[in-house]
Every structure is written in C-alpha cells, then in structure tokens.
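Coordinates in review
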Amino acid sequence: MNTEFIGAHIAMTFYFLACGRVLLYRKEGARHRRHVSWIAWAILVVLAASGIDLLVNPRELGVIETARAILIDVFVFGARGNVARLLWRE
C-alpha cells in the first residue's frame, strides 16, 4: 500500500462499510415508505460511487475528506442502516 494515499484507502473502506450497512438493513415490521427507499437508493449510489472512484483513481485526500467518510459511517452504523432514522427522530 502506498502511504501517500492512506487517506483515500481509509475513506474508501468507510464508504464501502456504510454502503454495506445500508444494504443489509432489515426492516423487521417497519412500514415501507417509498420516498425513504428512494433516498436510501440515492445514498447507496453516492457512497458506492465515491468508494469506486477512490478505488479506481486513488488520490491524496486531506484530513477533512477522510473524517467526512468516517463521520458518515458513524451516522449510518448509529442508525443501524435505517435511513428513516437518519432523516427523522422518534
């Protein structure tokens, strides 16, 4: 691994982890909301595209960009992949 692109590798990993967590969400009796499913789809597309972009074109990322990827992952895992919980609080 090239240490020059360590931020890109970290961000790519966290993007793919968040993408996987949203994909593996089980609704377990929750209502299906069409608009939330479209937002979840858009989140998946953006996270996957960001991870693939860093995989194909690794570039030097700053601390802020890497921290953003980690923060997105913390929010997604905190909501356990439930996009509706990301959007609204009970």
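Okay, so let's go over this structure. The structure presented is a predicted model; accordingly, all values stated were derived computationally and were not measured.

Criteria and cut-off values
Residues numbered from 1 in each chain as written. Predicted model: local features only at pLDDT ≥ 70, side-chain atom pairs only at ≥ 80, totals over all residues. Heavy atoms only, no water. Helix = DSSP H or I, 4+ residues; strand = E, 2+ residues; numbered from the N terminus. Buried < 20%, exposed > 50% of the residue type's maximum accessible area, 1.4 Å probe, protein only. Contact = heavy atoms within 4.5 Å. Areas by Shrake-Rupley, 256 points an atom, 1.4 Å probe, with all protein chains shown as cover. Lys, Arg positive; Asp, Glu negative; His and termini not counted. Charge placed at Lys NZ, Arg CZ, Asp CG, Glu CD. Phe/Tyr/Trp six-rings, centres within 6.5 Å; stacked < 30°, edge-to-face > 60°. Expected span 1.5 Å × (residues − 1). Arc of directions from axis to C-beta. Axes fitted to C-alpha atoms, helices over the stretch in contact; angles between N-to-C directions. Parallel < 35°, antiparallel > 145°, perpendicular 65-115°, else oblique. Left-handed = near helix turned anticlockwise from the far one by under 90°. Nonpolar A, V, L, I, M, F, W, Y, C, P; charged D, E, K, R; others polar. Core = buried A, V, L, I, M, F, W, Y, C linked by side-chain atoms within 4.5 Å.

1. A word on the overall build of the protein
The helix and strand inventory of the protein stands at four helices and zero strands. Listing the helices and strands of the protein from first to last along the sequence gives α-α-α-α. Taken along the three principal axes of its C-alpha coordinates, the protein extends 45 × 20 × 15 Å. Taking all 90 residues of the protein together, 28% fall into the buried category. A separation of at least 24 residues holds for 84% of the contacts in the protein among residues at least 6 apart in sequence. On the protein, roughly 6,400 Å² of surface is accessible, and the fraction owed to carbon and sulfur atoms is 64%. Once the 11 positive and 7 negative side-chain charges of the protein are each reduced to a mean point, those two points are 17 Å apart.

2. Quick notes on the packing of aromatic side chains
Here the structure, examined in full by the defined rule, presents one aromatic pair. Taking 5.9 Å as the distance between ring centres and 75° as the angle between the ring planes, the aromatic pair formed by Trp38 and Trp41 counts as edge-to-face. Placement of the pair is Trp38 and Trp41 together in helix H2 (residues 34–56), with a separation of three residues, close to one helical turn. You'll find Trp38 and Trp41 in the same group, each marked exposed.

3. Some points on helix H3 (residues 63–78)
Here H3 is 16 residues long and its end C-alpha atoms lie 22 Å apart, about the 22 Å a rise of 1.5 Å per residue gives. Taken as a whole, H3 has its buried residues at Thr66, Ala69, Asp73 and Val76. Taken around the axis of H3, the buried residues stretch over an arc of 90°, which confines them to a single face. In H3, those exposed residues whose orientation departs by more than 90 degrees from the buried face are Val63, Ile64 and Phe75. Packing partners of the buried residues in H3 comprise helix H1 (6–23) and helix H4 (83–87). Looking one or two places after H3, you find Arg80, whose phi comes out positive at around 55°.

4. Notes on the packing of H1 against H3
One way to put it is that H1 packs onto H3 with a least axis distance of 8 Å and a crossing angle of 20°. By the criterion of interaxial angle, the relationship of H1 to H3 is roughly parallel. Considering how the two elements wind past one another, H1 and H3 form a crossing that is left-handed. Judged by residue contacts, Gly7, Ile10, Ala11, Phe14, Tyr15, Leu17, Ala18, Arg21 and Val22 of H1 engage Thr66, Ala69, Ile70, Ile72, Asp73, Val76 and Phe77 from H3. The class makeup of the residues in the contact of H1 with H3 is twelve nonpolar, two polar and two charged.

5. Here's the deal with the nonpolar core
Core analysis: the biggest nonpolar cluster contains 17 residues, and Ala11, Tyr15, Val22, Leu47, Leu54 and Val83 have the highest contact counts within it. Secondary structure elements with two or more residues in this core: H1, H2, H3 and H4. Among the elements that take part in this core, H1 stands out by supplying seven residues, more than any other. Beyond its immediate stretch of four places on either side in the chain, Leu54 contacts Ala8, Ala11, Met12, Tyr15, Arg59 and Leu61.

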